[in-house]
Amino acid sequence: MKKLTFIFYTIAIIVVLQACNSKDKSKEIAQYEATETKLQLNETLQKKVGSWIKEGTDCYGIVTLSSPDGVIHAAKEVKAKVLIIENDKIKMKALENVSLAPKAGCTKIGVANGDTWWEEEGDLFQTREEALEFIKTIKVDKKSPAGTKFTVN
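Residues numbered from 1 in each chain as written. Predicted model: local features only at pLDDT ≥ 70, side-chain atom pairs only at ≥ 80, totals over all residues. Heavy atoms only, no water.

We now examine the overall build of the protein chain. What the protein chain contains, in helices and strands, is four helices and seven strands. If you list the helices and strands of the protein chain from N to C, you get α-α-α-β-β-β-β-β-β-β-α. Classification of the 153 residues of the protein chain by burial places 25% in the buried group. By sequence separation, contacts in the protein chain at least 24 residues apart represent 56% of the contacts at least 6 residues apart. (Helix = DSSP H or I, 4+ residues; strand = E, 2+ residues; numbered from the N terminus. Buried < 20%, exposed > 50% of the residue type's maximum accessible area, 1.4 Å probe, protein only. Contact = heavy atoms within 4.5 Å.)

On to the pairing of strand β2 (residues 72-85), then. As defined by bridge partners, strand β1 (residues 58-66) adjoins β2 across nine bridges and the pair is classed as antiparallel. The residue bridging Leu65 from the neighbouring strand is Ala74, located in β2. Taking the residues that link successive antiparallel strands as the turn, the β2-strand β3 (residues 90-94) hairpin has four residues. (Pairing = 2+ DSSP bridges.)

Following β1, the chain reverses through five residues before pairing antiparallel with β2; Gly70 in that reversal takes a positive phi of roughly 95°. Note: β1 against strand β7 (residues 124-125), two bridges, orientation antiparallel. Bridging across to β7, Tyr60 finds its partner in Phe125.

Okay, the pattern of salt bridges next. One pass over the full model with this rule turns up six salt bridges. The closest approach of N and O atoms between Asp58 and Lys81, which form a salt bridge, is 3.7 Å. Within this pair, whereas Asp58 is found in strand β1, its partner Lys81 is found in strand β2, the two being separated by 23 residues in sequence. The partner of Arg128 in a salt bridge is Glu77, with the nearest N and O atoms 2.9 Å apart. Remark: Glu77 occurs in strand β2 and Arg128 occurs in helix α4 (residues 128-137); sequence separation between them is 51 residues. A residue is classified by how much of its surface remains accessible, and Glu77, at 16% relative accessible area, is buried. Each of Glu77, Glu96 and Arg128 takes part in one network of salt bridges that share partners. (Salt bridge = Lys/Arg side-chain N within 4 Å of Asp/Glu carboxyl O.)

All right, on to the packing of aromatic side chains then. According to the stated counting rule, one finds one aromatic pair in the structure shown. On the basis of an interplanar angle of 40° and a centroid distance of 5.2 Å, the ring pair of Phe125 and Phe134 is categorised as tilted. Phe134 gets classed as partly exposed once you look at its relative accessible area, which sits at 24%. When the ring centre of Trp118 is taken as reference, the NZ or CZ atom of Lys89 above it lies at 4.6 Å. (Phe/Tyr/Trp six-rings, centres within 6.5 Å; stacked < 30°, edge-to-face > 60°. Lys NZ or Arg CZ within 6 Å of the ring centre and 35° of its normal.)

For the rest of this paragraph, the subject is the sheet that holds β3. Taken together, the five strands give an open sheet; going across it, the order is β6-β3-β2-β1-β7, and neighbouring strands pair in antiparallel fashion. Strands with a single pairing partner mark the edges of an open sheet, and in this sheet they are β6 (116-119) and β7. Sheet analysis places β3 next to β6, joined by four bridges and oriented antiparallel. What sits directly across from Lys91, in β6, is Trp118. Contacts from α4 reach β1, β2 and β7 within the one sheet, and its direction differs from that of β2 by about 140°. (Axes fitted to C-alpha atoms, helices over the stretch in contact; angles between N-to-C directions.)

We now examine the nonpolar core. Soluble globular proteins: nonpolar side chains tend toward being buried together. Ile53, Val82, Ile90, Met92 and Leu124 are the most contacted members of the largest nonpolar core, which has 21 residues in total. For this core, the secondary-structure elements that each account for two or more residues are α3 (43-49), β1, β2 and β3. The contacts of Ile53, once residues within four sequence positions are left out, are Leu41, Val82, Ile85, Ile90 and Leu124. Listed in part, the seven residues of the second largest apolar core include Tyr60, Ile62, Ala75 and Phe125. (Core = buried A, V, L, I, M, F, W, Y, C linked by side-chain atoms within 4.5 Å.)

In structure tokens, the structure reads:
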């Protein structure tokens, strides 16, 4: 009986000591909470894109088909979503399929729904109309068909 009483009191003392150590830790946890910092685009991207861009925003980007020497053969707008904004680039996700005409020497001829890319140039627009206006300013080198058209009677 004395052993049983000793074990009971020992357990009671351990429980009481443990209870004394479980203090309110909400103040301690509050110190570790991350403070949200707003990431700013670098000056070049900020000038091109503007202040409207935020993570989760739907907008329009430009898909171009260019040769290895940098000549643009075709350009189209693509609806996309802003995923991540970093200082010098913006992670984008395509929300639609866009196909460009196949050209010799080019391996990728469009963008599929769900494709992602890092936008570093800042060619992003709030509306499709703005994107189309920008495409008009891009010099597109469309090659004329080889040979001359003629009809045979």
